[in-house]
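# Secondary and tertiary structure notes
Letter by letter, the chains look like this.
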Amino acid sequence: MKKVSFIILLALAALFIGGQEVSDVFKQVILLENDAFDFYPEYGAILRGEGYIPDADFELMRDKYREFINDSNTNPFYFTAFGFTFHYLKDTDSAASYFKKASELAGTDYAVHLRLYQIYSKHLIKYAMDNEIEQFENIKYKIGAIALPEVALYMNLAALEEYSERNTDRAAEYLILANKLDPYNPEIIENLFNLILRERRFEYIGYAIKMVKDQLSESFNKFVFIFNLMKFVRYLVLTVFFIMTLMIFFRISDKYFYFFKRHIRLPLDKKQKFILGLAVLFVPLILQFNPVLWIFYVAFFAFIFAEKKEKVILFLMLLTVFLTPQLFHMENKILSMMNPNGNVSVMIKADNTYWDIKLLNKINMLIEEQPFNTPLLYAKAKLYKKGGYFEKAEEEYNKILLKKDDFAELYNNIGNIMYLKGYYAKAIENYEKAIEKSPSLAQPYYNLGQVYLKRMELTVSDDYVRKAKEINYDLISPFIENAEDKFYNTEIIDCSVPERFVWNEFLKKQKVSDSPIVMGVNINLISIFAFITLILGFFVSFVFKKKLFIERCHTCGKPISEGDRKRYSDSYICEDDYSSLSETLSDVFKARKFESLIRLRKKAFFKKRKFASLIFPGFSKILEGSSFKGYFLTLLTSVFILLIFSNRILISKNPNLTAGIHFEYGYIFLGIILILYLISFAITKEEK
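Notes on the structure in this doc start here.

## Remarks on the overall build of the protein chain
Scanning the protein chain from terminus to terminus reveals 35 helices and 6 strands. Within the protein chain, the proportion of its 688 residues that are buried is 50%. Long-range contacts, defined as pairs at least 24 residues apart, comprise 65% of the intrachain contacts of the protein chain with a sequence gap of at least 6. Here the protein chain has roughly 34200 Å² of accessible surface; of this, 60% comes from carbon and sulfur atoms.

Here it is in structure tokens:
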């Protein structure tokens, strides 16, 4: 009885998720199953996958159940129980016959079909499972798939329970079926990915990737994806800017302090001027300015002392930071579109969900405010069609025609209504109008093929279907093949709300909320500081170009300028090294000492870079001036650091059903970051 108890719990969960009606349906199924299986409890336990099969007397059970197998018995579970007596006695044909009878008795009761599928899956009876999948297809076609999303949630919960009992294959199987029933639920896909990674069951990875691809075909999920991508990019821009600014400043810090030593005309010694440089550098923090604003202050000094290619990098980073408020405003617009009361949201949901009276009521409320809104009328018609209300769907489509707002997708969907009502001539007329309006639209060609198939004009039908495949193979081929993994498709293809309508409604939204606060600073203020830093950096670099030009000693690498540099051979060196070489009498020893100083400088610089490679990946390459490798490693590391915290900054559709199969992606990201550190350390080599 443990399994039955759990099914009752699942039914209660379905009540919480999908409403009282769905829960009552599952309760009725449980009562029917108990009536058939608990007649002989030991045998019932075997049927539920709990008993020990060798202990069962299947001959006896066949005799006992035979008296219940008659035309007056409408309980499909009796026929299932009787079929199992043949299955375990190796009479597959008889078993299949009674399993099929059970499926027929289930009719359009999706909950019974679901339970039959679960029972067969526990016994690994593939042909019976496939038959139940086929029945789900028939149910969807007959009743508009009103309840299949609830069944998908039920299957998702069942998968979590199977996984908790270490039935990994069955959990994956249930998740795949749940996705077929509701292909637009991202939590189901996430559960499958978590299961694959956690259990290393990579045989399912191809299907999981395909599920993601199908999910992203839904416009609502596209909005979520675009929103998350833009938000991630905004955080990435700021993160990379902060990290790289500090790296570049560290690279030119000796130039910065040299500037105070060489050009500040105050009665101070070198040590005092160094302290003065520190005070100037940290004065914003001393005055308790925000650390984010201090980064821009540091970026200003980095800009005026950096070399040409580093100036380009800083310019690009400051420019992207300057543009971050625009990213945020776009995020806000997208977020407003995902409001359940917004036009775009209901349009998209009408395209990608099933018959839903609550959604219809929301659309009606919006139409009261906007009675001539074409995409809302179109969405309402699609929803009526999914519920089987063909007359009402036709009325809504005709309202659009009365506005003289006709388009190809509209005629295609009107043709589908005519097709479903049996008016094939009118269906052909509308499909042909759709093709006339948009010859590159695949759906009306395919639908014409279906009409001519009904009229037994097979050659014409094949021609239209072939044309549809040529236009959009990915859309059409699953309908033609009627493959198992696409069984949720119907006989004809509706067009979604045209994407131009979705984006027109999207662009109407101009109002955005206040700008966000990043580390205590308004993002608009960050943008202003980026612009000011850019302008001031260019101005100071241009006005004081000659005075700020500082090169490095060829031997020790210290900053030098015209006032304290000496020429030795073909290079400029600092005064200290020049004095040291001058004290050497022999030219041979001078040459050796010169080479020795260069080697010592390279060795010291190598140690410094090795240490820097362990501070942050890419830092060592930035220090040596190999910008591309350094910045690429820094950017890549920043991406994975942000991914570790992605759950806190990104949004998901409904993250409340994924806790059962949990995989800690953070460990993968930490592992990749560690690999990037190792790469950074390995590619840091001593200069030759």
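## Here we look at the nonpolar core
Membership of the largest hydrophobic core comes to 60 residues, with the highest contact counts inside it found for Tyr43, Tyr65, Phe77, Phe84, Tyr120, Met155 and Leu192. In contact with Phe77, other than residues within four places in its own chain, are Val29, Leu32, Glu33, Ala36, Phe37, Val112, Arg115, Leu116 and Ile119.

## Things to note about helix α15 (residues 291-305)
Between its first and last C-alpha, α15 extends 21 Å over 15 residues, near the 21 Å set by a 1.5 Å rise per residue. Taken across its 15 residues, α15 has 13 buried, putting it largely inside the fold.

## Brief notes about the pairing of strand β5 (residues 565-568)
Moving residue by residue along a regular strand, the side chains alternate between the two faces of the sheet. Examined bridge by bridge, β5 and strand β6 (residues 571-574) share 4 bridges and lie antiparallel to one another. Residue pairing in the sheet places Arg565 in a bridge with Cys574 of β6. The turn joining β5 and β6, which pair antiparallel and follow one another in sequence, is formed by 2 residues; a positive phi near 60 degrees is taken by Ser569.

## Things to note about the packing of aromatic side chains
Going through the model one piece at a time under the given rule, you end up with 43 aromatic pairs. Where Phe84 meets Tyr88, the ring centres are 6.2 Å apart and the plane angle is 20 degrees; that geometry is what we call stacked. Since its relative accessible area comes to 0%, Phe84 is described here as buried. On the basis of relative accessible area, Tyr88 is assigned to the partly exposed category, the value being 23%.

## Things to note about the state of the cysteines
Here is the idea: a disulfide is a covalent bond, and it sits between the sulfur atoms of two cysteines. Using the criterion set out here, one finds 0 disulfides in the structure. With no disulfide of its own, Cys574 lies 3.7 Å from the sulfur of Cys556, the closest cysteine sulfur. With relative accessibility at 8%, the residue Cys574 sits in the buried group.

## As for helix α21 (residues 390-402)
Here α21 contains 13 residues, and its C-alpha end-to-end distance of 18 Å stays within 8% of the 18 Å for a straight helix at 1.5 Å per residue. Here α21 has its buried residues at Ala393, Glu396, Tyr397 and Ile400. Mapping the buried residues of α21 onto a view down its axis gives an arc of 95 degrees, with all of them on the same face. The inward-facing, buried residues of α21 contact α20 (374-386) and α22 (408-421).

## Here's the deal with the pattern of salt bridges
If you walk through the whole model with that rule in mind, you get 26 salt bridges. One salt bridge connects Arg48 with Asp38, and the closest N-O pair in it is separated by 3.0 Å. Of this pair, Arg48 sits in the loop between α3 (41-47) and α4 (58-66) while Asp38 sits in the loop between α2 (20-37) and α3, and the two are 10 residues apart along the sequence. Classification of Arg48 as buried rests on a relative accessible area of 2%. A salt bridge links Arg455 to Glu457, with the nearest nitrogen and oxygen atoms 3.6 Å apart. A residue is classified by how much of its surface remains accessible, and Arg455, at 40% relative accessible area, is partly exposed. Three or more residues are tied together by salt bridges with common partners; here these are Glu33, Asp38, Arg48 and Arg115.

## Considering the side chain of Thr533
Positionally, Thr533 belongs in helix α28 (residues 523-543). Using a relative accessible area of 5% as the deciding quantity, one classes Thr533 as buried.

## Considering the packing of α22 against helix α24 (residues 442-454)
Axis separation between α22 and α24 bottoms out at 10 Å; the angle between their running directions is 20 degrees. Classed by the angle they form, the pair α22 and α24 counts as roughly parallel. Seen along the crossing, α22 lies across α24 with a hand that is left-handed. Taking contact as the criterion, the partners of Asn412, Asn416 and Tyr419 in α22 are, on α24, Gln443, Pro444, Asn447, Gln450, Val451 and Lys454. In terms of residue class, the contact of α22 with α24 is made up of 3 nonpolar, 5 polar and 1 charged.

## Considerations on the packing of helix α7 (residues 110-122) against helix α10 (residues 168-181)
The interhelical angle for the contact between α7 and α10, taken along N-to-C directions, is 150 degrees, at an axis separation of 11 Å. The angle between the axes of α7 and α10 places the two elements in the roughly antiparallel class. Crossing geometry of α7 relative to α10 is assigned as right-handed. Along the contact surface, α7 presents Tyr117, Gln118, Ser121 and Lys122, while α10 presents Arg170, Glu173, Tyr174 and Leu177. Its residues assigned to classes, the contact of α7 with α10 comprises 3 nonpolar, 2 polar and 3 charged.

About the cut-offs
Chains are numbered independently. Their residues run from 1 in the order of the written sequence. With pLDDT at 70 or above as the cut-off, local features in this predicted model cover only qualifying residues; side-chain atom pairs require 80 or more to be listed or tallied, and sums for whole chains, interfaces and linings still use all residues. Side-chain measures here rest on the full set of heavy atoms in the structure, leaving out hydrogens and waters. Secondary structure is summarised from DSSP: a helix means a run of H or I of at least four residues, a strand means a run of E of at least two, and numbering begins at the N terminus for each. Relative accessibility thresholds used throughout: buried, under 20% of the residue-type maximum; exposed, over 50%; partly exposed, between the two (1.4 Å probe, protein chains only). Every residue pair with non-hydrogen atoms within 4.5 Å of one another is taken to be in contact. For the area figures, the Shrake-Rupley method with a 1.4 Å probe applies, and any residue is considered shielded solely by the protein chains shown. The term nonpolar core refers to a set of buried residues drawn from Ala, Val, Leu, Ile, Met, Phe, Trp, Tyr and Cys, joined through side-chain atoms within 4.5 Å. The span one expects for a helix is its residue count, reduced by one, times 1.5 Å. One requirement defines pairing of two strands: DSSP has to find at least two bridges between them. Pairing of aromatic side chains here covers Phe, Tyr and the six-membered ring of Trp, requires ring centres within 6.5 Å, and sorts the geometry by plane angle: under 30 degrees stacked, over 60 edge-to-face, intermediate tilted. Working definition: a disulfide is two cysteine sulfur atoms within 2.5 Å of each other. Each direction from the helix axis to a C-beta atom contributes to the arc, which is the arc of those directions. Any carboxyl oxygen of Asp or Glu within 4 Å of a side-chain nitrogen of Lys or Arg constitutes a salt bridge here. Here an axis means a line fitted to C-alpha atoms, over the contact stretch when the element is a helix, while the angle between two N-to-C directions is reported on a 0 to 180 degree scale. If an angle is under 35 degrees, it is roughly parallel; if it is over 145, roughly antiparallel; if it lies from 65 to 115, roughly perpendicular; otherwise it is oblique. Should the near helix be turned anticlockwise from the far one by less than a right angle, the crossing is termed left-handed; should it be turned clockwise, right-handed. For this classification, the nonpolar set comprises Ala, Val, Leu, Ile, Met, Phe, Trp, Tyr, Cys and Pro, the charged set comprises Asp, Glu, Lys and Arg, and every other residue, Gly included, is treated as polar.

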